[in-house]
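Here are the chains, one letter per residue:
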Amino acid sequence: MNESIPAEKAGGPVESSSAGPDGVQDQAAITPSRHADMVGLQQRVVAEVERRRKAGAFPPAFEKMLRATFEKLIPQGGGTSRDDFQSLFRSTDRSAFMDIDVPLASRKPGVSLAKKAIRKLMAWYLNYLLQQITNFTANLMQLLAALDRRVRIVEDQVAGMNRVATIDDLKLFTSSATVDFALDVAKRSGGRTLVGNCGSSDILSRLARTGANCYGSDTNVKELEAAQRAGMEIRWSPLKEEVDNVRPKSLQTVVLQGSFELSPVSDILEVLKGASDALMYGGTIVAICHEPGTVPQDADSRVAIDLSAGRFLHRETWLNLFERVGGFSAEATSANVENSEFVIVAHKLQSKVPSGDSGA
Amino acid sequence: MSTVEVHQFVPSLAMRDAIGQHTFAMQAMLRSVGIDSEIYADEMKPGTEELAKHYHHFHPRPSKNRLLIYQASTLSPMAAFLSERPEPKVLNYHNVTPPQTIRQWEFGASMATSIALDQIGKLSHQVVGSIAVSKFNASDLKSLGYDGPVVAAPFITHASVEPRPDRDRPVGASWLFVGRIFPNKAQHDLVAALAAYRRIYDSAATLTLVGGRASERYACAIEEYAKRLGISDAVSITGSIPDDGMEDLYRTSDLFVCASDHEGFCFPIVEAMRARLPVVAYGSSAIPETVGKAGFIVSDKSPINFATAAWITLTDSGLRNTFYRQSEIQLEKYSPEEARRQNLDALSNFIKLPLGVV
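Predicted model, so just to flag it, every value in this text is computed and none were measured.

Trainee: Before we go on, may I ask you to explain the overall build of chain B in this structure?
Mentor: Secondary structure summary: chain B contains twelve helices and 13 strands in total. The C-alpha atoms of chain B give a radius of gyration of 21 Å, which matches the 21 Å a tight globule of 358 residues would have. For chain B, the spread of C-alpha atoms along the principal axes amounts to about 70 × 45 × 35 Å. Counting the 358 residues in chain B, one finds 55% classified as buried. When contacts within chain B are restricted to residue pairs at least 6 apart in sequence, long-range pairs at least 24 apart make up 67% of them.

Trainee: Would you take a moment to explain unusual backbone geometry for this structure?
Mentor: In terms of backbone geometry, most residues other than glycine have negative phi values and most peptide bonds are trans. All names here are of chain A. The backbone of asparagine 197 shows a phi angle near 50°, a positive value even though the residue is not glycine. Relative to the assigned elements, asparagine 197 resides in the loop between strand E1 (193-196) and helix H7 (203-209). Overall, asparagine 197 belongs to the buried group, with 27 C-beta atoms counted inside 10 Å.

Trainee: Is there a simple way to think about the packing of helix H5 (residues 187-200) of chain B against helix H10 (residues 303-315) of chain B in this case?
Mentor: Working note: a packed helix pair is described by the angle between its axes plus the distance between those axes. All names here are of chain B. Viewed as axis vectors pointing N to C, H5 and H10 meet at an angle of 65°, and their least axial separation amounts to 8 Å. If you check the angle between H5 and H10, you find them roughly perpendicular. In the packing of H5 onto H10, the handedness of the crossing is right-handed. The residues of H10 that touch H5, namely those facing Asp189, Ala192, Ala193, Ala195, Ala196 and Tyr197, are Pro303, Ile304, Phe306, Ala307, Ala310 and Trp311. Here the contact of H5 with H10 is built from residues that sort into eleven nonpolar, no polar and one charged.

Trainee: Any chance you could explain the nonpolar core here in plain terms?
Mentor: In globular proteins that are soluble, nonpolar side chains generally tend to be buried together. Counting 123 residues, the largest nonpolar core has Val191 and Leu194 of chain B as the members making the most contacts within it. Among the elements that take part in this core, H5 of chain B stands out by supplying eight residues, more than any other.

Trainee: Before we go on, may I ask you to explain the sheet that holds strand E9 (residues 206-210) of chain B in this structure?
Mentor: Backbone-to-backbone hydrogen bonds pair the strands of a sheet. The strands run either parallel or antiparallel. Residue and element names in this part refer to chain B. Spatial strand order, E10-E9-E8-E11-E12-E13: six strands in an open sheet with parallel pairing. In this open sheet, the two edge strands, each paired with only one partner strand, are strand E10 (235-239) and strand E13 (296-298). Here the average twist between neighbouring strands, direction ignored, is 25°. The sheet contact formed by strand E11 (residues 255-258) and strand E12 (residues 279-282) spans three bridges and is parallel. Its bridge partner being in E12, valine 257 is matched across the sheet by valine 280. Its contacts with the sheet put H10 on E11, E12 and E13, and the angle it makes with E13 is roughly 170°.

Trainee: Which parts of the structure should I look at to understand the pairing of strand E8 (residues 174-178) of chain B?
Mentor: Residues in a regular strand point their side chains to alternate faces of the sheet. Residues and elements named next belong to chain B. The buried fraction of E8 amounts to four of the five residues, a majority that puts the element mostly inside the structure. Bridge analysis of E8 against E9 gives five bridges, and the strand direction is parallel. Bridging across to E9, leucine 176 finds its partner in threonine 208. One crossover worth recording links E8 to the parallel E9 by way of H5, and it is right-handed. Sheet topology places E8 next to E11; two bridges connect them, and they run parallel.

Trainee: I keep staring at helix H6 (residues 216-228) of chain B and nothing clicks. Help me out?
Mentor: For an α-helix the count is 3.6 residues per turn, leaving residues at separations of three or four pointing the same way. Taking 1.5 Å per residue, 13 residues should reach 18 Å; H6 of chain B reaches 18 Å between its end C-alpha atoms and fits that length. Buried within H6 of chain B are the following residues: Tyr218, Ala219, Ala221, Ile222, Tyr225 and Ala226 of chain B. In a view along the axis of H6 of chain B, the buried residues occupy a sector of 160°, so they form one face of it. Turning to H6 of chain B, the residues buried within the fold contact helix H3 (60-71) of chain A together with H5 and E10 of chain B. After H6 of chain B finishes, the residue glycine 230 of chain B shows a positive phi value of roughly 75°.

Trainee: Help me understand the sheet that holds strand E6 (residues 328-332) of chain A, please; the structure alone is not making it clear to me.
Mentor: Residues and elements named next belong to chain A. In spatial order, the strands read E3-E2-E1-E4-E5-E7-E6; together these seven strands make up an open sheet with mixed pairing. Every other strand in the sheet has two partners, leaving strand E3 (234-236) and E6 as the edge strands with one partner each. Across the sheet, the axes of successive neighbouring strands diverge by a mean angle of 15°, strand direction being ignored. Relative to strand E4 (residues 251-256), E1 runs parallel, the two being bridged by three bridges. Its bridge partner being in E4, valine 195 is matched across the sheet by valine 255. Where helix H12 (residues 315-325) meets the sheet, its contacts fall on strand E5 (279-290), E6 and strand E7 (341-348), and the angle it forms with E6 comes to roughly 175°.

Trainee: Any chance you could explain the confidence of the model for chain A here in plain terms?
Mentor: Low-pLDDT stretches of the model should not have their predicted coordinates read in fine detail. Residue and element names in this part refer to chain A. For chain A, mean pLDDT is 75; residues scoring 70 or higher make up 73% of the total. For chain A, per-element mean pLDDT is lowest for helix H1 (residues 27-30), which scores 33, and highest for E4, which scores 93. Predicted confidence for residues 1-36 stays below pLDDT 50, and this span has 81 contacts to residues more than four positions away or in other chains. Confidence over residues 352-360 falls short of pLDDT 50; this stretch has 23 contacts with residues more than four positions distant or in other chains.

Trainee: I keep staring at the packing of H5 of chain B against H6 of chain B and nothing clicks. Help me out?
Mentor: All names here are of chain B. Interaxial distance between H5 and H6 falls to 10 Å at its minimum, and their mutual angle equals 10°. As the angle between them shows, H5 and H6 are arranged roughly parallel. Touching Gln187, His188 and Val191 of H5 are Ala221, Ile222, Tyr225 and Ala226, all from H6. Tallied by class, the residues present in the contact of H5 with H6 amount to five nonpolar, two polar and no charged.

Trainee: Explain the domain arrangement of chain B here, please?
Mentor: Reports often express the size of an interface as the amount of accessible area lost when the parts come together. Residues and elements named next belong to chain B. Partitioning chain B into structural domains gives domain 1 (5-156 + 336-347) and domain 2 (174-333). Once you take the C-alpha centre of each, domain 1 and domain 2 turn out to be 28 Å apart. In terms of residues, the side of domain 1 that touches domain 2 owes the most to one element, helix H4 (residues 135-143), which gives three residues. Split by residue class, the side of domain 1 that touches domain 2 holds nine nonpolar, six polar and three charged.

Trainee: Whenever I open this one, the environment of alanine 116 of chain B confuses me. Can you help?
Mentor: Residues and elements named next belong to chain B. Along the chain, alanine 116 turns up in helix H3 (residues 107-123). In this structure, the C-alpha to C-alpha distance between alanine 116 and leucine 75, residues 41 residues apart in sequence, is 4.2 Å. Setting aside residues up to four positions removed in sequence, alanine 116 forms contacts with Thr74, Leu75 and Val96.

Criteria and cut-off values
Residues numbered from 1 in each chain as written. Chains lettered and ligands numbered in written order. Predicted model: local features only at pLDDT ≥ 70, side-chain atom pairs only at ≥ 80, totals over all residues. Helix = DSSP H or I, 4+ residues; strand = E, 2+ residues; numbered from the N terminus. Rg over C-alpha atoms; globule rule 2.2 N^0.38 Å. Buried ≥ 20, exposed ≤ 12 C-beta atoms within 10 Å, placed from the backbone. Contact = placed C-beta atoms within 7 Å. Axes fitted to C-alpha atoms, helices over the stretch in contact; angles between N-to-C directions. Parallel < 35°, antiparallel > 145°, perpendicular 65-115°, else oblique. Left-handed = near helix turned anticlockwise from the far one by under 90°. Nonpolar A, V, L, I, M, F, W, Y, C, P; charged D, E, K, R; others polar. Core = buried A, V, L, I, M, F, W, Y, C linked by C-beta atoms within 7 Å. Pairing = 2+ DSSP bridges. Right-handed = clockwise from strand over helix to strand, strands pointing away. Expected span 1.5 Å × (residues − 1). Arc of directions from axis to C-beta. pLDDT = per-residue confidence, 0-100. Domains from an automatic or database assignment.

See the structure below:
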């Protein structure tokens, strides 16, 4: 079977085959030249979307409306919010009671009587079992309620520790030196770049002016509309969802900035994992961060600072997070004295595990 | 010399679904090379009762000349049954829906798929080998603890579909998706993409979602979503449709769309290719592998990007012709002959086949 079909109008450069760490070829490597065709097609989509956005066809508020409308329909009970917990607790509580009175009705003659007789004969046995099960479920429900009370106390305490601030609330803006540094890394990397939380600095606009293949995501409609008016490719999308929704290994650079660094550590880790999946091998994450001491109120212990949301992380913590994601060579720049910024530059390493897959 | 036996075990056997087609074709293939082959199932859907036996009726006595194939895709008591059998076993993996893709909507089903994955993982120490229907599935199997799964194409045995004539469709395009209504199929993303498409490109475009309402809650949410977006007239959920009706739909639609978050293979994409229906799909899981270069793989879930990819495909006849040409390659790759060759080749790793077969 001939797989080497000449590139059509959508074609592009052929990428080399690569294998994932489990030894099975990853999606991009299944048929190396297919992925390259898609690059050309993606570029057509990007250009067309950009053109339409400039004409005002897809305002950020429309994208937000599409998502928000569906989110309202997602059932409660599957997530981890308080409402979800209450909803699950109520339904569990309802089903905790068991009915020993088995229905006796039947359309067949005599069966109803037979059922009644069986129920009467079995009653002593079933009652005994039911009593034990009911005791167990009643205790279990009480235990859950007690756990809920305890978790709520912890949540309240944690909420008290949180500053729950945005970069804008803190009146902190990315210095021009840091923007220059991030731009330099992104430009050198080439390929498609995502600027996460693009609204809070001019990295995206400056990158776009150089002709780079880049786009930004944010949830601030006002800032997105301004960026759109300036002709940038933007998208209304929370950062975590954006990195999760991008096709694996399709980005060369991901710039992380803005309030991202004030998220809970677990959320930051999730974003880093998503960004890692979205990056090609050899791609780069550029995370723009601030020293914990930037805000005078942060005179708490290091642990409290780094583990509660709404506070800046030490560079050691950042490097540790990248270590946990795995597959990166990460380093932190020294702090910019002007406003205590530093940048983490993390290069995604090429997988070295050879393909062990055996096709039939 | 005693006859070689290769028997298949299927948790749920249906005439028309992907695993049913594959299992019946596998049986026909085995019998054609002189191997005694029966199908054993736990649940038998209408029309299959005469073609299979319940697994409780499987030979009580073990045999040295017998290989058992487990067609794994869901939670089943068969896994425990097979693990107790002394015969050599091969797992043919069709993928299990990852629990996280459905948990918010179908908690019970997500628990079941979670246990199914655990069950399949535990079988890894008891099988002599494993076969996956896609490289994506092979990768999944490796993560479940299987060593060196062999990839062999599935049998896709639907009746031949008359290729539809190509046409530009700038106005009144009809999108089609075939697959059960379930959260991992992400039909709501298709509704969002259609809303974006109608806003800019074609206010008369429609979307037909074919497939059983496997999650009533999710199906209702899709209907409500379309209503709130003001496009309920343009979105129709048809339920299951018989084969001849499907052929009509493939022929009269303009675009096959797929936004699934997870597919172990996605047979309807191949059926769309057979009908010369252009494909636009989100590149998750096994989809890029199934589509090959024969369709538009969208790199992210943005409804706007998806809508734009659909527009480009529907209005660029050159691009569509490229896809049709590439479809020939994909269809050859997934032809019954190729599936037969690959599956016999795969089975030859585990059992001595009659001379001249492979």
